[in-house]
Amino acid sequence: MELTTLNVPVLALRGLTMFPEQTLSFDVEREISIFALDNAMENGDRLIMLVSQREISVMDPREQDLYTIGTVCDILHIVRTSETTVRVMVRGRQRARIHRLWQTKPFLQANVVLLEDDFPGRFTAKTEALLRQTYAIFGEYQSLATNLSDEIVATVLDCRDPGFLADFIAQNITLRHQDRQRVLEQLHPVRRLQLINEILTHEVDVISLEVKLEQKVRDRVARVQKDMILREQVKVLQHELGDDGDEELAEYMEKIHKAKLPEEVEKKLTKEVDRLGKQPFGSAEASVIRNYLDTCLEMPWNQTTRDRANVEVARKILDRDHFGLEKVKERILEFIAVRQIYPEAKGKILCLVGPPGVGKTSIAISVAKAMNRKLARLSLGGVRDEADIRGHRKTYIGAMPGRIIDGLIHSKSMNPVLVLDEIDKLANDMRGDPASALLEVLDSEQNSAFRDHFLELPVDLSRVMFITTANTTDTIPRPLLDRMEVIQLTSYTDEEKLQIAKAHLLPKQLKEHGLKKSQLRITDDAIRLMISGYTRESGVRVLERQLGKICRKTAMRLVTSDVKRMDVTSDDLKELLGVIRYRESLHATKNKIGVVNGLAWTEVGGELLEVEVNVMEGTGKLELTGNLGTVMQESAKAAHSCLRSRVEELGIEKDFYKTKDIHIHFPEGAVPKDGPSAGIAITTAMLSALTGQKVRGDVAMTGEVTLRGRVLPIGGLKEKTMAALRCGIKTVVIPKENEKDLEEIDQTVRAALHFVPVETVDAVFDVALMHHKASIAVEHMTTIAANATDHLSGGLRV
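Counting restarts for each chain: residues are numbered from 1 in the order of the written sequence. This being a predicted model, a pLDDT of at least 70 is required before a residue's local features are given, and a value of 80 or more before pairs of side-chain atoms are given or counted; all residues contribute to the totals for chains, interfaces and linings. Values reported for side chains reflect all heavy atoms of the structure, with hydrogen atoms and water molecules removed beforehand.

*Asks:* Mind showing me how you'd approach the overall build of the protein here?
*Replies:* Regarding its fold elements, the protein presents 29 helices and 26 strands. To get the radius of gyration, use the C-alpha atoms; to get the globule rule, take the number of residues to the power 0.38 and multiply by 2.2 Å. Taking 798 residues into account, the globule formula puts the C-alpha radius of gyration at 28 Å, and the protein, at 51 Å, lies well above it. Taken along the three principal axes of its C-alpha coordinates, the protein extends 160 × 65 × 60 Å. The buried share of the protein, taken over its 798 residues, is 47%. Intrachain contacts of the protein at a sequence separation of at least 6 include 72% that bridge at least 24 residues. Shrake-Rupley sampling with a 1.4 Å probe provides the accessible areas, and residues are treated as covered by the protein chains on show and by no other component. Of the roughly 40600 Å² that the protein leaves accessible, carbon and sulfur atoms contribute 50%. Segments assigned H or I by DSSP are reported as helices when at least four residues long, segments assigned E as strands when at least two residues long, and all are numbered from the N terminus. When a residue's accessible area, from a 1.4 Å probe over protein chains only, is under 20% of the maximum for its type it is buried; when over 50% it is exposed; and in between it is partly exposed. Working rule for contacts: check all heavy atoms of both residues, and any pair within 4.5 Å makes them a contact.

Structure representation (structure tokens):
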């Protein structure tokens, strides 16, 4: 077969491929290409060789930069669109191979050899099947690709020539120029059609993936990268979706730089911002990181308040807000004095312990005012989860920092006064022990680098002043109690309650009820009667409610009548508040056998606790009733043994433990009772019942008894003595070792009561029991006092 050789200009195509019998229009900008077109137009045949470049980026191609096979084309027409660009339309004539590229300047020119298609053979069933396969695959491609015209689809379906069909499809669909070149270089028509089927199948798969990916992006579902061809598209889509994120990241970085954070904190937050920037759109992790960054940036890392280092000003503020509480005030003023000398002193941890209503929380609030510090109050009552103190790990859903960090955020200061209320009511369960978590918080040697589980950053708590409150220290773990300086707040005396009511409670209630001072006046005697007859408490909460009740009654009268002012005296209280709820014990001044006035301490103050003993014929049983705890039951048994060991000395029957049943009872059986301080009262009542000697009704006692008859010290003396005074007791027997505690008792109580310190039960018996020498005179005086009391109470006898 003879090959035809032509000497024609060559135009190098970038990203395009020309096929025989196809028409193509494209723009030409390079000078060597424009010169090649001009040369071809000058020749009469208008022939030019179009061949694709191997690399699109090459501007001045050489022979090695070109594919060897291209297409000899007829130039149909040329239009100049600008000074540097022309648009040319060509039609392919025949495949050709570059034999030698003999010229590169000013344009490419080569000797080319025209190529003929191989003989396809006769049209067989296999060829027919291949054509049908092509139609089917092209139909799938056409359903996915929306840029094919109906004319192209019709031409494909009408074509029966395998070679032309392959060239036509390759020319009119979107393919890489490398794939088109493979089709162009295949000279066998049937094999060329097989090759185009393979390429079409690949394109259908690729476009299917593109459609699925586009749908997933539209629905904001996780993107899937399944093919190398789609990776760049995924990156572009992610970049477009992250445009707003760039502004968010910049805003976070700006906040971090403005906050002037500690180096470790700034480094950690910057790292989290970088992580946020790498998160895909809609990621759950991104929400966690945003929540973490927002919380960390809300922390007042470098914000502090300047302390008021003036003891006198602080004293005035404390005295203005609270009456009494001298110990607490003195301790706070000492701390302020230290700060005045040494401003860098660490914060202190104080624990205010006392019954309800005595002003523990309110004094803590006044401390913040006195020191010019911000305040945050954390209620710990019923808290049973360690995470409430240390926070949750930020990876958990709904995670948040602990209460300590939350208190700093709300106070907007790193040196606030944090009030941990009801620390004695912490609980624990399977989720951890919050009291153990507080060990680090309330240790001034460790809390300079406290780490919350949520923040995971060191937080300096050494400048924070912690004030905890509790009703009792019994339920506070010892290691935790050891870290706090305990200050006891005892019950108010009646005189203190009077002054608090006049200076604080009544003005507060007048303001809350919209009354003026001139519209309501309450006499001191009326307030004293309210304290003794309508309240029975250590603090003043019930007293405040009673004053509020009077204010409401006053407001009602002012509105419904012509009254312009109310003067409330003690005689008016029954009408305003109802009948007196609490009266002094009727037996407080009566001498009885087997009945002793004991003294007890409760969370709401002191109480008079009677001990009743009955002795009956029996077999030596010892019966204990009154809802007694283990310690109190053991105390009763110790008293029994003490008396049994001294029967001759005390004048008791020697075999009483065999022939007598002894029943010891504490009234108000529904109230649990425990503790050893009723020991001498039980012993005295038991001796009185066994010997028939009466016990003085104006004597109350408290103290622990031993088997040898020694009297041991007890606690809560102040509250117990106040209870004795309220109930009309004149003499109080106390352990000798508690004599030093009398200095802490209110002067009013000390002046009203006669205290008898004792070391043994013998001294208790000498004071409490009516001996035969003085029994007649004392009983005579007691009868006169009892008759006077009965006359005043309407003649009723008990």
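Anyway, onward from the coordinates.
*Asks:* Is there a simple way to think about the pairing of strand E1 (residues 5–13) in this case?
*Replies:* Consecutive side chains along a regular strand alternate between the two faces of the sheet. Here, a strand pair is defined by DSSP locating no fewer than two bridges between the strands. Across six bridges, the pairing between E1 and strand E6 (residues 108–114) is antiparallel. Counterpart to Val8 in the pairing with E6 is Ala110. Sheet topology places E1 next to strand E3 (residues 47–52); four bridges connect them, and they run parallel. What sits directly across from Ala12, in E3, is Val51.

*Asks:* Would you mind showing me how to read the environment of Lys660 here?
*Replies:* One can find Lys660 in strand E20 (residues 660–665). Counting along the chain gives 46 residues from Lys660 to Asn614, while the straight-line C-alpha distance between them is 9.9 Å. Residues contacting Lys660, with those up to four places away along its chain left out, are Val615, Met616, Glu617, Gly618, Gly620, Lys621 and Glu653.

*Asks:* Before we go on, may I ask you to explain the packing of aromatic side chains in this structure?
*Replies:* How two aromatic rings sit relative to each other is given by the distance of their centres and the angle of their planes. Working definition: rings of Phe, Tyr and Trp (its six-membered ring) pair if their centres are within 6.5 Å, and the pair is stacked with planes under 30 degrees apart, edge-to-face with planes over 60 apart, and tilted otherwise. Using the criterion set out here, one finds four aromatic pairs in the structure. In this structure, Arg644 is placed above the aromatic ring of Tyr657, and the distance from its NZ or CZ to the ring centre is 3.6 Å. Counted as over-ring charges are cases with an Arg CZ or a Lys NZ within 6 Å of the ring centre that also lie within 35 degrees of the ring normal.

*Asks:* How do you make sense of the packing of helix H18 (residues 494–512) against helix H19 (residues 524–534) when you look at a structure like this?
*Replies:* For any two helices packed against each other, the geometry comes down to the angle between their axes and how far apart the axes lie. Here the axes come from fitting lines to C-alpha atoms, over the contacting stretch only for helices, and the angles between their N-to-C directions go from 0 to 180 degrees. Closest axis-to-axis distance for the H18/H19 pair is 10 Å, and the angle between their directions is 120°. As judged from the angle between their axes, H18 and H19 are oblique. As H18 runs across H19, the sense of the crossing is right-handed. In this structure, H18 contributes Asp494, Glu495, Lys497, Leu498, Ala501 and Lys502 to the contact, and H19 contributes Asp524, Ile527, Arg528 and Ile531. Any angle that is under 35 degrees is reported as roughly parallel, and any over 145 degrees as roughly antiparallel; angles of 65 to 115 degrees are reported as roughly perpendicular and all others as oblique. Handedness of each helix crossing follows the sense of rotation of the near helix against the far helix: counterclockwise by less than a right angle gives left-handed, clockwise gives right-handed.

*Asks:* Got a minute to help me understand the side chain of Ser33 in this structure?
*Replies:* With respect to the helices and strands, the residue Ser33 is situated in helix H1 (residues 31–42). With sequence-adjacent residues up to four places away left out, Ser33 is seen in contact with Leu11, Ala12 and Val28.

*Asks:* Got a minute to help me understand the sheet that holds strand E7 (residues 349–353) in this structure?
*Replies:* Within a sheet, each strand pairs with its neighbour through backbone hydrogen bonds, oriented either parallel or antiparallel. Spatially, five strands are ordered E8-E9-E12-E7-E13 in an open sheet, and the strand pairing comes out parallel. Unpaired on one side and paired on the other, strand E8 (375–379) and strand E13 (485–488) mark the two borders of the sheet. Neighbour to neighbour, the strand axes of the sheet diverge by 20° on average, direction disregarded. Note that strand E9 (residues 417–421) and strand E12 (residues 465–470) share four bridges and pair parallel. Bridge pairing in E12 links Leu418 to Phe466. This element, helix H15 (residues 403–411), spans E8 and E9 of the sheet and lies at about 150° to E8.

*Asks:* Looking at this structure, how should I read the pairing of strand E2 (residues 23–28)?
*Replies:* Only one face of E2 is covered, namely the face carrying Leu24, Phe26 and Val28; the face carrying Thr23, Ser25 and Asp27 is uncovered. One ladder, built from six bridges, connects E2 with strand E5 (residues 86–103); its direction is antiparallel. When the bridges of E5 are listed, Ser25 appears paired with Met89.

*Asks:* I tried to follow a nonpolar patch on the surface on my own but got confused; where do I start?
*Replies:* A cluster of nonpolar side chains, namely Val338, Ile341 and Tyr342, defines an oily patch on the protein surface of about 350 Å² accessible area. Summarising the element assignment, Ile341 is placed in helix H12 (residues 326–341). Patch construction takes residues with relative accessible area above 30% that form no salt bridge. Like charges are linked within 9 Å, and nonpolar side chains (Val, Leu, Ile, Met, Phe, Trp, Tyr) are linked within 5 Å. Within this document, salt bridges are pairs made up of a side-chain nitrogen of Lys or Arg and a carboxyl oxygen of Asp or Glu, the two lying within 4 Å of each other.

*Asks:* Please clarify how helix H13 (residues 360–371) should be interpreted in this entry.
*Replies:* For an α-helix the count is 3.6 residues per turn, leaving residues at separations of three or four pointing the same way. How far a helix is expected to stretch is found by multiplying one less than its residue total by 1.5 Å. For H13, built from 12 residues, the straight-helix expectation of 16 Å at 1.5 Å per residue is met to within 8% by its first-to-last C-alpha distance of 17 Å. Those residues of H13 hidden inside the fold are in contact with helix H11 (311–321), H12, E7, E8, E9 and E12. Immediately beyond the C-terminal end of H13, within one or two residues, lies Asn372, with a positive phi of roughly 60°.

*Asks:* Would you explain helix H28 (residues 761–768) in this entry?
*Replies:* Along H28, the residues that are buried comprise Val761, Val764, Phe765, Val767 and Ala768. Angular distribution of buried residues about the axis of H28 spans 165°; they occupy a single face of the element. Each C-beta atom gives one direction from the helix axis, and the arc is the one those directions make.

*Asks:* When you look at the environment of Arg373 in this model, what are you seeing that I'm missing?
*Replies:* Relative to the helices and strands, Arg373 resides in the loop between H13 and E8. Through-space distance from the C-alpha of Arg373 to that of Thr305 is 6.0 Å; in sequence the pair is 68 residues apart. When neighbours within four sequence positions are excluded, Arg373 is seen to be in contact with Thr305, Asp307, Phe335, Arg339, Ala368, Asn415, Pro416, Val417, Arg463, Val464 and Met465. There is a polar contact of 3.1 Å between the side chain of Arg373 and the backbone oxygen of Arg463. Nitrogen and oxygen atoms within 3.5 Å of one another constitute a polar contact, given that in protein one can donate a hydrogen and the other can accept it, and given that sequence-neighbouring residues count only through two side-chain atoms.

*Asks:* I keep staring at the pattern of salt bridges and nothing clicks. Help me out?
*Replies:* Oppositely charged side chains can pair when the atoms bearing their charge come close. Counted according to the given criterion, the structure contains 32 salt bridges. Linking Asp421 and Arg377 is a salt bridge whose minimum nitrogen-to-oxygen distance equals 2.9 Å. On the criterion of sequence distance, the pair formed by Asp421 in strand E9 and Arg377 in strand E8 is long-range, its members being 44 residues apart. One salt bridge connects Lys508 with Glu544, and the closest N-O pair in it is separated by 3.2 Å. Of this pair, Lys508 sits in helix H18 while Glu544 sits in helix H20 (residues 541–560), and the two are 36 residues apart along the sequence. Of the residues examined, Glu544 reaches a relative accessible area of 17% and is grouped as buried. Within the structure, one salt-bridge network assembled from shared partners comprises Arg95, Asp117, Asp167 and Arg192.

*Asks:* Mind showing me how you'd approach unusual backbone geometry here?
*Replies:* Glycine aside, the phi torsion of most residues is negative, and most peptide linkages are trans. Residue Pro106 is reached from Lys105 by a cis peptide bond, and omega for that bond is -5°. Among the secondary structure elements, Pro106 is positioned in the loop between E5 and E6. Of note, Lys412 is a non-glycine position whose phi angle comes to about 55°, a positive value. Of note, Lys412 is situated in the loop between H15 and E9. Even without glycine at this site, Glu422 takes up a positive phi of about 55°.

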